Amino acid sequence: MANKITVLFFFLSFFTVSTFAQQNNGNIKGTVTTNDSKPAALVTIHLSGTKKYVQTNDDGTFKLSNVAEGNYTLEVSLIGYETLRQNVSIKANQTSQVNMQLQLSQQQLQDVIVTTNRNANDSSYYVAKIPLKNLENPQAYQTVSANLIKQQGLTNFDDALRNVPGVARTWESTGRSGDGTAYFAMRGFEAQTSLTNGLPAFTTGDMQLGDIEEIQVLKGPSGTLYGANFYGYGGIINIITKKPYFTTGGEITYNLGSFQMNQISADINTPLSKTEKIALRVNTSYHSENSFQDAGYKKSFFIAPSLRFEVNDKLSFDFLAEVLQEERAVAPVFFNTNRTDPLTAKNIRELDLDTYQSFTSNDLPMKNPRFNTQLQMNYTFNHNWTSQTAISKTTLKSDGYYGYIFGNDYGSNIFEQDIHKENYTTSITDIQQNFNGDFKIGSLRNRLLIGLDYYNQNNVDNGTGYALMRYVTPQGEIIQADDEHPVYATQESVDSLLASSGNSNSNSSNSTYAFYVSDVINFTKGLSVMASVRGDYFVSKGEKNDPSDDFNQFAWSPKFGIVYQPILNKLSLFANYMNTFLNVAPFEVTDADGSNPHIKSFKPEHANQLEFGIKSILFTDKLTGTISYYDIKLENRVTPKIDNINDYDQRGKVRSRGIEFDINANPAPGLTITAGYSHNHIENTSDNGTDFYTEKGRNPGGQGPQDLVNFWATYKINSGALKNFGFGAGGNYAGIYKVIDNSVVGVFELPSYTLLNASLFYNSGRMQVSFNGNNLADKKYYIGYWSVNPQRPINFTASIAFKF
């Protein structure tokens, strides 16, 4: 299906170029500025008497191509302002130059753009699926730009999220099937990167930075608009990719760093036709690095072509393909408890884990290829209604060795290391149809979204079973489980062990059929209310060859919000009620002794949030920030039964409360500051005795540190002998983190830590050279999810980039 769509797409492109490349026509070029002499971006210009219109670029420039010879009038129509008109004469094979100035300021223009723009490529569209300014949106969210990523010299996607308050990584990517990408804690709950351009796009490996324009972190339960096919109780992570533009340009970058890290990347954009109706952008990179531990490596090749095709004034297509080939050997996760016996080591000092021990070898690799495609069709019916049709297809695989180290018995310093071989493929298809309207009913402005969503996921598992590989101590001692048949960290040895472990032969599938409606009603310019609802029909086929496990259910997900701007376009007060849910597919359970196997189904897990906050954009955009308080309650969580680990029920209840604060400032020319703080308190509220997972008043696990601080400041010198030189400095603080919290097993806390990072750079616009240092104090620190995962010591990166 994807190949047919691609062929059709390129056929239409060729047909359009051939049709419109007419002779004896002229062009119009020009620039639009505001009355404060700033470029007016994203302003729509219409050629009167024709169907031709165009939007200005970021620098205020525009071009109308292939215009028949004659006299015309250019019109700029903005809601609430008088139409600006200017005459222009077109001559054959010539380009007419036109410059226009709008009688409004840059700030006023930004307000108008949000009112009139229907382009779904605007990144703010994805947060609410309605074009809303941040001040108008009752949901808190933060973004990490490609520019900030470059300032900090980052080559790892996970590190980019350290700029978002309230987000902490708890687990690096393992590559394992189903959920092998990195885990993050967000508002006390687990989260993974799950969306690209607002569409499902999972991975079992590492996310790539190559084609990222912006990372959006949407705070709070967001199932009403984005569905229930992934965990999102505390929020979701959405990647916005780089889009083609209609001029030639690009950038080539080389990075090198500690642990033999090398990366070369390219970003190349070019128009494909003289009429500038088609543009192609290609982002690609090759990356390789070793681990700071005694074994481990990662290497990847990534390429992401994207195509923009403007068929006519109303219809456009956007196509994206992301191809990743990734291979690595990763350290097994060190679980320092068996979750039943009291802890032998109750802190890092007593555990005495050798942080440089990987407990693996480079002969046990994991491959995680990924292929993601997206096709979006945007159509403008009129000034009030637009349509977006989006199709996405993702195929990902886990192919290789995955293992973990599991907790010891009480009083013992010996842990078991288990391993198996993955052979797991996941295919995801998603189709969305969105209609956006902007109209008035009486004096009330409505911005309406109507959407349909089809989602299907198919999983094929042909991996082996798990087997006991060996025993290890935290200090690195290896103890064979069977002296007569020792197992070594080699493919040959492990394959021999797994030959008798059995083999999976699973092919399962589930789908959702959903509709959603959301309306933002403006009672006044400064007072708006959002009301949204989703209806979700979940169909699980389970194992395709076993009709007995088929299951379906229907769920509702509401969302409400209110925004009041006491100072219009500068300060807003917001509140929301948000909901998300997770469809839990049926699975087989047994009695405690393994008898009486049967299929058990579950209700959806539900999380509900109340949130209040303030957003601000002050001093002509020089100071922006958000502060909010949230209260999330999770119910119906599926957890193992207290008296039978082979069975599950839905007694789990969790409550998470906290405060978050973020600020972005430009207090002086060349100086930018990004900072944030968060405090979270989370606990189980269900009463289930001393159960490890749900004991009342205890942390549920994976919630991350209670307190987090992020700070980064960059200063670029704009004049004098050191012009274009600059420096950056900042870091992160994480408080004490209870990775294990149970009255029987005990409490295990990861210590707090502070990381210091810095950067020196030269940036002339055409060339950038930078040198970055991370963890400059060489702090030994850990993250975890019921586990202890050592992190990198001091490390450095250097980079050089050329733009053209």
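Provided above is the structure to which this section pertains.
A. Representation of the environment of Thr512 within the structure. Inspection of the secondary structure puts Thr512 in strand β29 (residues 506-522). As a C-alpha pair, Thr512 and Lys242 span 270 residues in sequence and 29 Å in three-dimensional space. Ignoring anything within four residues of it in the chain, the contact list for Thr512 reads Asn229, Asp453, Tyr454, Tyr455, Asp536, Tyr537, Phe538 and Asn583.

B. Geometry of helix α8 (residues 491-498). Every buried residue of α8 is accounted for by Ser493, Val494, Leu497 and Leu498. The buried side chains of α8 occupy one side of the element, clustering within an arc of 130° when seen end-on. With respect to the buried face of α8, the exposed residues turned more than 90 degrees away are Glu492 and Ser496. Looking at the packing, one finds that the buried side of α8 touches β24 (385-406), β25 (415-441) and β27 (467-472).

C. Inspection of the pattern of salt bridges at higher detail. Per the counting criterion, the structure on display carries 32 salt bridges. Between Glu660 and Arg187 there is a salt bridge; the shortest N-O distance is 3.0 Å. Separated by 473 residues along the polypeptide, Glu660 in strand β37 (residues 644-668) and Arg187 in the loop between β10 (183-186) and β11 (189-191) bring together distant segments of the chain. For the pair Glu660 and Arg187, a shared accessibility class is recorded, and that class is buried. Using a relative accessible area of 3% as the deciding quantity, one classes Glu660 as buried. Salt bridges here are not isolated pairs; linked through shared partners, they connect Asp206, Glu289, Lys298, Glu326, Arg328 and Arg792.

D. Main features of the sheet that holds β10. With antiparallel pairing, the three strands of this open sheet are ordered in space as β9-β10-β11. The outermost strands of the open sheet, each flanked by one partner alone, are β9 (167-171) and β11. Strand-to-strand twist of the sheet, defined as the mean angle between neighbouring strand axes without regard to direction, takes the value 40°. When β9 meets β10, the two strands line up antiparallel, connected through four bridges. Residue pairing across strands places Ala168 opposite Ala185, the latter belonging to β10.

E. Representation of the sheet that holds strand β5 (residues 70-76) within the structure. Strand order in the open sheet formed by four strands is β3-β2-β5-β6, and the pairing between neighbours is antiparallel. Two strands lie at the open edges of the sheet, namely β3 (53-55) and β6 (84-90), each paired on one side alone. The average undirected angle you get between the axes of adjacent strands in this sheet is 25°. Of the strand pairs in this sheet, strand β2 (residues 44-47) and β5 are connected by two bridges, and their pairing is antiparallel. The partner of Leu47 across the bridge, within β5, is Leu74.

F. Geometry of unusual backbone geometry. Notably, Asn197 is not glycine yet its phi reads approximately 55°, a positive angle. Checked against the element boundaries, Asn197 lands in the loop between β12 (193-196) and β13 (199-200). For Asn197, a relative accessible area of 5% translates into the label buried. Phi at Trp786 takes a positive value of approximately 60°, unusual for a residue other than glycine. As for its position among the elements, Trp786 is in the loop between β45 (782-783) and β46 (789-790). Overall, Trp786 belongs to the buried group, its relative accessible area being 16%.

G. Structural context of the nonpolar core. With 27 residues, the main nonpolar core has Trp171, Leu351, Ile740, Phe748, Leu750 and Val788 as its most contacted residues. Mapped onto this core, the elements with two or more residues apiece are β21 (333-334), α7 (348-351), β24, β41 (737-742) and β42 (746-750). Per-element accounting of this core gives the leading share, three residues, to β41. Each residue touching Leu351, except ones within four places of it in the same chain, is listed here: Asn336, Ala345, Phe415, Pro474, Gln475, Phe748 and Val788.

H. Spotlight on the pairing of strand β17 (residues 261-271). As judged from the nine bridges shared by strand β16 (residues 249-257) and β17, these two strands associate in the antiparallel manner. Directly across from Glu251, in β17, lies its bridge partner Asp267. Connecting β16 to the next strand, β17, in antiparallel fashion are three residues, including Phe259 with a positive phi near 60°. Where β17 and strand β18 (residues 278-290) come together, ten bridges link them in antiparallel fashion. Bridge assignment links Ile264 to a residue of β18, and that residue is Tyr286. Count of turn residues in the β17/β18 antiparallel hairpin: six residues, of which Glu276 carries a positive phi of about 55°.

Cut-offs and rules
- All residue numbers here refer to positions counted from 1 along the written sequence of the relevant chain.
- A pLDDT threshold of at least 70 governs which residues receive local features in this predicted model, and a stricter bar of 80 or more applies before side-chain atom pairs are shown or counted, although totals over entire chains, interfaces and linings include all residues.
- Excluding hydrogens and water, the side-chain values take into account all heavy atoms of the structure.
- The way it works is that DSSP assigns letters per residue, a run of H or I at least four long becomes a helix, a run of E at least two long becomes a strand, and they are numbered from the N terminus.
- Contacts between residues were defined by any pair of non-hydrogen atoms, one from each residue, lying within 4.5 Å.
- Partly exposed describes any residue whose relative accessible area lies between the buried limit of under 20% and the exposed limit of over 50%, with all areas from a 1.4 Å probe on protein chains only and scaled to the type maximum.
- Read the arc as the range of directions from the helix axis to the C-beta atoms.
- Note on definitions: salt bridges are taken to be side-chain nitrogens of Lys or Arg within 4 Å of carboxyl oxygens of Asp or Glu.
- Pairing between strands requires that DSSP locate at least two bridges from one strand to the other.
- To define axes, lines are fitted to C-alpha atoms, for helices over the stretch in contact only, and angles between the resulting N-to-C directions are given on a 0 to 180 degree scale.
- Note on terminology: a nonpolar core comprises buried Ala, Val, Leu, Ile, Met, Phe, Trp, Tyr and Cys residues joined through side-chain atoms within 4.5 Å.

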